[in-house]
Amino acid sequence: MTPTPSLVDALGSDDARQLCALAGGEAVAIPKGHHRRLAARNAQIREEAAAGARRNDLARAHGLTDRQIRRILRAGDG
């Protein structure tokens, strides 16, 4: 199996070829780190709220709704 251009862009030519050889034609899922980025963003929001930032300001700064900010802050209490 030959590596796709996007895999070569992400890993480099040699590593992409090695991954294809190891996978043997099977599909390989490569995590994008979405959950880690969300956890970091949510931790930042909680820190800003603890420092006194208002919910509507947090929502605007992070491109979220007030309701999403409330859920993030409530989840941090548990």
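Predicted model only: the values in this text are computed from it and were never measured.

Here's the deal with helix H2 (residues 13-23)
Right, on to step 1. Taken together, the buried positions of H2 are Ala16, Cys20 and Ala23. Buried residues of H2 fall within an arc of 70° about the axis and therefore sit on the same side. Residues Asp14, Gln18, Ala21 and Leu22 are exposed on H2 and point more than 90 degrees away from its buried face.
Right, on to step 2. Buried-residue contacts for H2 involve helix H1 (5-11).
Right, on to step 3. Remark: glycine 24 follows H2 within two positions and exhibits a positive phi of approximately 60°.

Some thoughts on the nonpolar core
Right, on to step 1. Residues Ile45, Leu58, Ala59, Leu64, Ile69, Ile72 and Leu73 constitute the largest nonpolar core, which totals seven residues.
Right, on to step 2. Elements with a minimum of two residues in this core: helix H4 (55-62) and helix H5 (66-77).
Right, on to step 3. Ranked by residues supplied to this core, first place goes to H5 with three residues.
Right, on to step 4. Setting aside anything within four residues of it in sequence, one finds alanine 59 in contact with Leu64, Thr65, Asp66 and Ile69.

Notes on the pattern of salt bridges
Right, on to step 1. What the rule picks out here adds up to five salt bridges.
Right, on to step 2. When the shortest N-O distance is used, the salt bridge between aspartate 57 and arginine 54 registers 3.1 Å.
Right, on to step 3. Among the ionic pairs, aspartate 57 bridges to arginine 60, the shortest N-O distance being 3.3 Å. Placement of both aspartate 57 and arginine 60 in helix H4 is noted, with a separation of three residues, approximately one turn of the helix.
Right, on to step 4. On the basis of relative accessible area, arginine 60 is assigned to the exposed category, the value being 61%.
Right, on to step 5. What emerges from the salt-bridge pattern is a single network uniting Arg54, Asp57 and Arg60.

Rules used throughout
- Residues numbered from 1 in each chain as written.
- Predicted model: local features only at pLDDT ≥ 70, side-chain atom pairs only at ≥ 80, totals over all residues.
- Heavy atoms only, no water.
- Buried < 20%, exposed > 50% of the residue type's maximum accessible area, 1.4 Å probe, protein only.
- Helix = DSSP H or I, 4+ residues; strand = E, 2+ residues; numbered from the N terminus.
- Arc of directions from axis to C-beta.
- Contact = heavy atoms within 4.5 Å.
- Core = buried A, V, L, I, M, F, W, Y, C linked by side-chain atoms within 4.5 Å.
- Salt bridge = Lys/Arg side-chain N within 4 Å of Asp/Glu carboxyl O.

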